[in-house]
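Descriptive analysis of the structure
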Amino acid sequence: MPVPDLFKQGLASGWTTYDGSRLDHDLTLEADVAIVGSGAGGATTAEILSAAGFKVLLIEEGPLKTSDDFKMLEEQAYAELYQEGIGRMSKDGAITIMQGRAVGGTTLINWTSSFRTPTPTLEHWASEHGVKGHSAEDMAPWFERMEQRLGIAPWAMPPNANNAVISSGCDKLGYSWQTIPRNVRGCWNLGYCGMGCPVNAKQSMLVTSIPATLDKGGELLYLARANKLLISGEQVTGIECLAMDARSVAPTGRTITVKARHYVLAGGGINTPGLLLRSGAPDPHQRTGKRTYLHLVNFSAALFEQVINPFYGAPQSVYSDHFQWHAGTAGPLSYKLEVPPLQPAIAATLLGHFGVDNALRMEQLPNTNVMLALMRDGFHPDSAEGRVELRGDGSPVLDYPMTDYTWDGIRRAFHSMAEIQFAAGAKAVMPMHSDAGYVNTLAEATRLIDDLSLTLYRTRLGSAHVMGGCAMGEDPRQAVTDSLGRHHQLGNLSIHDGSLFPTSIGANPQLSVYGLTAKLASALAARLSHG
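Residues numbered from 1 in each chain as written. Predicted model: local features only at pLDDT ≥ 70, side-chain atom pairs only at ≥ 80, totals over all residues. Heavy atoms only, no water.

In plain terms, the rule: UniProt positions are given in the numbering used here, feature names are shortened, and annotations may be inferred rather than shown by experiment.
As annotated in an unreviewed UniProt entry, the protein chain carries the name Choline dehydrogenase and comes from Pseudomonas cuatrocienegasensis. Checking UniProt for the protein chain, the heading Sequence similarities (unreviewed entry) contains the comment "Belongs to the GMC oxidoreductase family."

**Section: the overall build of the protein chain**
Applied cut-off: Think of it this way: any DSSP run of H or I at least four residues long counts as a helix, any run of E at least two long counts as a strand, and we number them from the N terminus. Radius of gyration here uses only the C-alpha atoms, and the compact-globule reference equals 2.2 Å multiplied by the residue count raised to the power 0.38. Throughout, exposure labels follow a simple rule: accessible area from a 1.4 Å probe, protein chains only, divided by the maximum for the residue type, with under 20% read as buried, over 50% as exposed, and the rest as partly exposed. In short, Shrake-Rupley with a 1.4 Å probe defines the accessible areas, and a residue's cover is counted only from the protein chains shown. Positive charges come from Lys and Arg alone, negative charges from Asp and Glu alone, with His and the N- and C-terminal ends not counted. Just so you know, the charge point we use is NZ for Lys, CZ for Arg, CG for Asp and CD for Glu.
Counting its regular elements, the protein chain contains 13 helices and 22 strands. Computed over the C-alpha atoms, the radius of gyration of the protein chain is 22 Å, within 12% of the 24 Å expected from 2.2 N^0.38 for a compact globule of 531 residues. Along the first, second and third principal axes, the C-alpha atoms of the protein chain reach 65 × 55 × 45 Å. Burial statistics for the protein chain: of 531 residues in total, 60% are counted as buried. When the accessible surface of the protein chain is summed, it comes to about 19100 Å², and 52% of that surface belongs to carbon and sulfur atoms. Averaging the locations of the 42 positively and 51 negatively charged side chains of the protein chain gives two centres separated by 3 Å.

**Details of the UniProt feature "domain: Glucose-methanol-choline oxidoreductase C-terminal" (unreviewed entry) in the protein chain**
Under the feature "domain: Glucose-methanol-choline oxidoreductase C-terminal" (unreviewed entry), the UniProt entry names residues 384–516. Counted over residues 384–516, helix gives 28% and strand 15%. Its end C-alpha atoms are 25 Å apart.

**Things to note about the UniProt feature "domain: Glucose-methanol-choline oxidoreductase N-terminal" (unreviewed entry) in the protein chain**
With numbering matched to this structure, UniProt assigns "domain: Glucose-methanol-choline oxidoreductase N-terminal" (unreviewed entry) to residues 78–297. Structurally, residues 78–297 comprises 28% helix and 24% strand, and the distance from its first C-alpha atom to its last is 19 Å.

**Topic: unusual backbone geometry**
In this structure, asparagine 189 takes a positive phi of about 60° despite not being glycine. With respect to the element layout, asparagine 189 can be found in the loop between strand 7 (181–183) and helix 7 (209–215).

**Some points on helix 4 (residues 119–129)**
Threshold: The arc in question is traced by the directions running from the helix axis to the C-beta atoms. What makes two residues a contact is simply this: any of their non-hydrogen atoms within 4.5 Å.
Among the residues of helix 4, those classed as buried are Thr121, Leu122, His124 and Trp125. One face of helix 4 carries all of its buried residues, which in axial projection span an arc of 160°. Along helix 4, exposed side chains directed more than 90 degrees from the buried face belong to Glu123 and Ser127. Against the buried residues of helix 4 lie helix 5 (136–149). Just downstream of helix 4 lies glycine 130, where phi reads positive at about 65°.

**Quick look at the side chain of histidine 134**
To keep things clear, this is the line we draw: Any N or O atom pair separated by 3.5 Å or less is treated as a polar contact, with the protein-specific requirement of one donor-capable and one acceptor-capable atom, and with residues adjacent in sequence counted only for side-chain atom pairs.
Secondary-structure assignment places histidine 134 in the loop between helix 4 and helix 5. Within the structure, histidine 134 has its side chain in polar contact with the backbone oxygen of serine 483 (distance 2.6 Å). Among the polar contacts made by the side chain of histidine 134, one reaches the side chain of lysine 519 at a distance of 3.1 Å.

**A look at empty space enclosed by the protein**
Applied cut-off: Cavity means a closed set of points on a 1 Å grid over the protein atoms alone, one where a 1.4 Å probe fits but cannot get out, pocket means an open set with protein on both sides within 12 Å along at least 5 of 7 lines, and lining means a residue has an atom within 4 Å of a point. Grid points are joined across faces, edges and corners, and a volume is the space filled by probe spheres set on the points.
For the structure shown, the criterion picks out 6 cavities of 30 Å³ or more. Considering only enclosed or pocket space, the largest cavity measures out at about 110 Å³ in volume. If you trace the largest cavity, you find 17 residues lining it, with Cys187, Leu190, Gly191, Cys193 and Cys197 closest to the centre.

**Some points on the packing of helix 5 against helix 13 (residues 510–529)**
Selection rule: Orientation is described by axes fitted as lines to C-alpha atoms, over the contacting stretch for helices, and by angles from 0 to 180 degrees between their N-to-C directions. To sort the angles, those under 35 degrees are grouped as roughly parallel, those over 145 as roughly antiparallel, those from 65 to 115 as roughly perpendicular, and the leftovers as oblique. Only Asp, Glu, Lys and Arg are considered charged, only Ala, Val, Leu, Ile, Met, Phe, Trp, Tyr, Cys and Pro nonpolar, and every remaining residue, Gly among them, polar.
The interhelical angle for the contact between helix 5 and helix 13, taken along N-to-C directions, is 110°, at an axis separation of 8 Å. Between helix 5 and helix 13, the angle is such that the two are roughly perpendicular. From helix 5, Asp138, Met139, Trp142, Phe143, Arg145, Met146 and Glu147 reach across to helix 13, where they touch Leu511, Ser512, Tyr514, Gly515, Leu516, Ala518, Lys519 and Ser522. In terms of residue class, the contact of helix 5 with helix 13 is made up of 8 nonpolar, 3 polar and 4 charged.

**What to know about the pattern of salt bridges**
As a reminder, the rule being used: For this analysis, a salt bridge means a side-chain nitrogen from Lys or Arg found within 4 Å of a carboxyl oxygen belonging to Asp or Glu.
All told, the structure shown has 16 salt bridges when counted by the stated rule. Of the charged contacts, one joins aspartate 19 and arginine 22 as a salt bridge, the two residues approaching to 3.3 Å between their closest N and O atoms. Residue aspartate 19 is classed as buried on the basis of its relative accessible area, which comes to 15%. Among the residues examined, arginine 22 registers a relative accessible area of 70% and is labelled exposed. Here arginine 116 makes a salt bridge to glutamate 147, at a shortest N to O gap of 2.8 Å. You can see arginine 116 sitting in the loop between strand 4 (95–97) and helix 4 and its partner glutamate 147 sitting in helix 5, a full 31 residues away along the chain. Note on glutamate 147: relative accessible area 18%, which makes it buried.

**Looking at the packing of helix 11 (residues 404–423) against helix 12 (residues 442–451)**
For clarity, the cut-off: Two helices that cross are described as forming a left-handed crossing if the nearer one is turned anticlockwise from the farther one by less than a right angle, and a right-handed crossing if clockwise.
Where helix 11 meets helix 12, the axes come as close as 10 Å, and the angle between the chain directions of the two elements is 165°. Between helix 11 and helix 12, the crossing angle belongs to the class labelled roughly antiparallel. You can see that helix 11 and helix 12 cross each other, and the crossing is right-handed. Contact with helix 11, carried on its side by Arg411, Phe414, His415, Ala418, Glu419 and Phe422, involves Leu442, Ala445, Thr446, Ile449, Asp450 and Asp451 of helix 12 and no other residues of that element. The class makeup of the residues in the contact of helix 11 with helix 12 is 6 nonpolar, 2 polar and 4 charged.

Here it is, written out as C-alpha cells:
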C-alpha cells in the first residue's frame, strides 16, 4: 500500500507557495517575519512565530521535493537535495562537506541522530565565549519540547550489523557506548535516510514544522536564493532574492524583493555568514565568518567474515563517547565514534582507489564496516579554525587550515577505530588514506597508522556538520550576535541556526539547533508582540 504524500495533500488544500523557477515577472512579497533557510533553525522559528499569529515567509534556495520524489537513488538524491550537488568542498578541495539544499534543509537528508548539546560544551560557551542563559538547566525544557515534537527517542530496535561493530567492539574492550536517539515515527528501517525519507517516518522539517507554518497562513518561497540584505543604517529594509532554475544552479533573471518587519537568517554555518558578507552588513570587529567548525571526520574500514550489509537499516543507532570528554575541554583533540551508512556510490568514494582495486573493494561491500570519528574542534587554541569567505562570484566557501593539534587527533582516532574494529571480529582493517591498504592484525594497523603521513588530499576527510561563523556572545568585539541571536549591529535582524555556536558541540547538531532556536524564536515572538 503506497504511503500518501502528506505535503502534496497540503498543497492541494490551498497552502501558499511560490516556485522561483516558474516566475515570468519580478515579484515583491511582504510578511511580518522573513526567514532565510527552511532547515532546523528556520522552520522551527517559522512554526513558533506563525503559531503566535505572525505572517511568516520561508525562503529556500533549493527545490521542493516531497516523499513521492524520494526514490532511494543516489544519483538523483545527491544532485537534487545537497549543496552544490554533494560537491561542496573546503576552499582547498581537501574536505567534502555534506549539507542539504531543498525545502527542509539538511533535516531532509541527515541520518536522524539527535543529541542534546553536551553540558561541558554549554559550560565552555558560558565561561570562554560570554554566552548567557543557555546552561544545561536553561536548555533542558527546550530540548524536551523538541524531542516530543519530533518523536526523538533512543532507537528501540537492535542495531544493524554496521552499528553493532561499535557496541560489540567496545564491550570486548571495556569501552563505553550508548544508543543514539533518532527523530522518527513509524520508521521502516530502510537505511536510505540520506536520500530523503520515502515513507515520511523521519520527522524532518518537511513533514512537521513547515506544514504547521503553512497551515497557519505562512508562505513558502523556494528556488529563490537570498542574494543580498538591503540595509539602511541599523536596519534591514528588505531582501533581494534571485529566482533560480529548476535545478537551483543558475538564476533565471527574475528578482523577488522581500519586505518584512523582522528578518531571520537560518541558512546554516556557511550560507548565513556568506549572505552577511555579500550584503556588506556592518561588522566593525570583523567577526562574520570567523570561528567556523566542522566536526572534521576521518574514517576506518573493516572487513568481516559475516555479512554486514551496511546499506540497510537505521544508519546511525550506536555511538561511543569513550574518547570524547576524558581530558576535559583543554586537552588533546577528542572525538565521538559513529558509523556512516554505505550505499554504493558514497561507499565507492569513501573506499577509494581506482579500477580493479576499487572494484574489488566494492565487491566486498556486503562484508564491510566503516567507522568515523567526529573531531570536537574549536575548544583548544591550537584547533583548526575555519573562516567563511566569498569567491569571485559571491558564493561562500569555507577555508579550513589544518593544524598539528588537529592532525594528532586524526591519528589517535585511526588507532581507536582500528582497535574497536578488530575487537569486534574484523579480519582486516584499513585507515582511509591514500597510502594505506588492508592489514590483518592490530599490531600491523598500529605500525601502519604511526607511519602514515597525515596530509591533505592523502587523508580522506569529510564533514556533515558546519557550526559557527556567526558566533553568539554578549561581547560584540568577539561575537556577531548576542545570546538571543540578535545581531549586534542590525536591530531587526536575528540569526537562528548552527552558525551561532561559538565552537563545535561534540555531537550531531540537529537537536542542538532545534532546542536553541525554539528558545530564541519564542523570545523573538514575545518581543515582536510587545512592539
